[in-house]
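Descriptive analysis of the structure
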Amino acid sequence: MSIVLPGEQVPAQHVNLKLGPGLSQTSNASISSKSPSIVSTRAGTLNHSANKSRWWIESNSRRYVPSAQEPVIGVVTQRQGEGYRVDIGSAHYANLDGLAFEGATKRNKPNLKVGSLVYARVSLAHKDMEPELECFDAQTHKSEGFGELKSGFLVKCSMRMCRQYVIRNPGIYTFMNDNYDRLLDTNHFLLPLLGGLFPLEVAIGLNGRVWINSKEPKQVIAIARAIEATDPDGDGLDELGAKKLLERIDH
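Going by what an unreviewed UniProt entry lists, the protein chain is known as Ribosomal RNA-processing protein 40 and is assigned to Marasmius crinis-equi. Under Sequence similarities (unreviewed entry), UniProt gives the following word-for-word description of the protein chain: "Belongs to the RRP40 family."

A word on the environment of L19
The topology assignment puts L19 in strand β3 (residues 18-19). Sequence spacing of L19 and R54 is 35 residues, and the spatial spacing of their C-alpha atoms is 5.9 Å. Once residues lying within four places of it in the same chain are set aside, the contact partners of L19 are S24, Q25, I38, R54, W55 and S67.

Thoughts on the pattern of salt bridges
One pass over the full model with this rule turns up seven salt bridges. Two residues, R54 and E70, come together in a salt bridge whose shortest N-O distance is 3.0 Å. With R54 in strand β7 (residues 54-58) and E70 in the loop between β7 and β8 (71-80), this pair connects stretches of sequence that are 16 residues apart. Side by side, R54 and E70 carry an identical accessibility label, which is buried.

Quick word on the packing of aromatic side chains
Considering all chains together, one arrives at one aromatic pair under this definition. Centroid distance Y119 to F146: 5.0 Å. Interplanar angle 25°. Geometry classified as stacked. Separated by 27 residues along the polypeptide, Y119 in strand β11 (residues 117-126) and F146 in the loop between β12 (129-135) and β13 (147-149) bring together distant segments of the chain. For the residue pair Y119 and F146, the accessibility class agrees, reading buried in each case.

Some thoughts on the state of the cysteines
As enumerated under the stated definition, the model contains zero disulfides in all. Cysteine C162 is unpaired, with the sulfur of C157 as its nearest cysteine sulfur at 3.6 Å.

So, the pairing of β12
Regular strands place side chains that alternate from one sheet face to the opposite one. Relative to β12, strand β10 (residues 94-101) runs parallel, the two sharing three bridges. Note that in β12 the partner of L96 across the bridge is L133. Taken together, the four bridges between β11 and β12 define a ladder with antiparallel strand orientation. Bridged to V122 within β12 is L133. Connecting β11 to the next strand, β12, in antiparallel fashion are two residues.

Quick look at empty space enclosed by the protein
Evaluated as defined, the whole model comprises two cavities of 30 Å³ or more. Reported here for the largest cavity is a volume of approximately 100 Å³. In this structure, the largest cavity is lined by P21, R42, W56, I57, E58, S59, S61, R63, Y64, V65, M159 and R163. Looking at the lining of the largest cavity, the elements with two or more residues in it are β7 and α1 (159-163). For the lining of the largest cavity, the leading source of residues is β7, giving three residues. Grouping the amino acids of the lining of the largest cavity by side-chain chemistry returns six nonpolar, two polar and four charged.

Side note on unusual backbone geometry
For E144, which is not a glycine, the phi torsion comes out positive at approximately 50°. Secondary-structure assignment places E144 in the loop between β12 and β13. Although it is not a glycine, S151 sits at a positive phi angle of roughly 55°. With respect to the element layout, S151 can be found in the loop between β13 and β14 (153-156).

Some words on the side chain of R42
Note on placement: R42 falls in the loop between β5 (36-40) and β6 (44-48). Once residues within four sequence positions are removed from consideration, R42 is found in contact with V4, L5, P6, P21, G22, I57, S59, S61 and V65.

Details of the layout of surface pockets
Approximately 680 Å³ is the volume found for the second largest pocket. Taken together, 26 residues line the second largest pocket, and the ones lying closest to its centre are V65, P66, A125, H126 and K127. Sorting elements by how many residues they give to the lining of the second largest pocket places strand β4 (residues 23-29) first, with three residues. The class makeup of the residues in the lining of the second largest pocket is eleven nonpolar, ten polar and five charged.

Rules of the game
Residues numbered from 1 in each chain as written. Predicted model: local features only at pLDDT ≥ 70, side-chain atom pairs only at ≥ 80, totals over all residues. Heavy atoms only, no water. UniProt positions renumbered as here; feature names shortened; annotations may be inferred. Helix = DSSP H or I, 4+ residues; strand = E, 2+ residues; numbered from the N terminus. Contact = heavy atoms within 4.5 Å. Salt bridge = Lys/Arg side-chain N within 4 Å of Asp/Glu carboxyl O. Buried < 20%, exposed > 50% of the residue type's maximum accessible area, 1.4 Å probe, protein only. Phe/Tyr/Trp six-rings, centres within 6.5 Å; stacked < 30°, edge-to-face > 60°. Disulfide = S-S within 2.5 Å. Pairing = 2+ DSSP bridges. 1 Å grid on protein atoms, 1.4 Å probe; cavity = no way out; pocket = protein on both sides within 12 Å on 5 of 7 lines; lining within 4 Å. Points joined across faces, edges and corners; volume = space filled by probe spheres on them. Nonpolar A, V, L, I, M, F, W, Y, C, P; charged D, E, K, R; others polar.

In structure tokens, the structure reads:
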């Protein structure tokens, strides 16, 4: 990781390169590689995935900047024509087509209400256009965990907190008896810790929103408080502190 400033060129190269928040591809080719150069659009810490296919800049911004292929949690604010307007915490509402769901047709598609939560993937992100969402995998057209989030509870936290979880397969993670049914590549302790205490479902949006669900309201409250307490922009509790917090809540 390194600190970069706006306008600084970034050495991001990969055959399947994906740019996240804070990075932009310019039309000017660099002299050495003769390929479009990547520059930063904000000040912050430069980060990349393990295989260096995805690059982004981490900053203390509190407003989400949409980036293509990122999983987000949104709130339906309006129905319009054949689709919906969705609040994802960005400067502009996102558009979600009614057909952007697995198996959806004009006669058979989800009937979302204002206030409904959806777990979606950003399909279009451009500075001059409103973002667009889809609730299926672009390659398989299967839901892959995306879609309406029923029941449960929405927790808001910092985007830095959400990005601490490097998600290999975005979707809804189900923890049962310290085991979970999807791959989670992370160095963060919180979800495995919570999953060892009680069953829960969780979906992580990179727009600073986490959806949680469990069997009992008391457990949902404990999960929400643990997420808020371990947020680096909050109390920033470590694993030991989180364990003590959960013990106090349990008693």
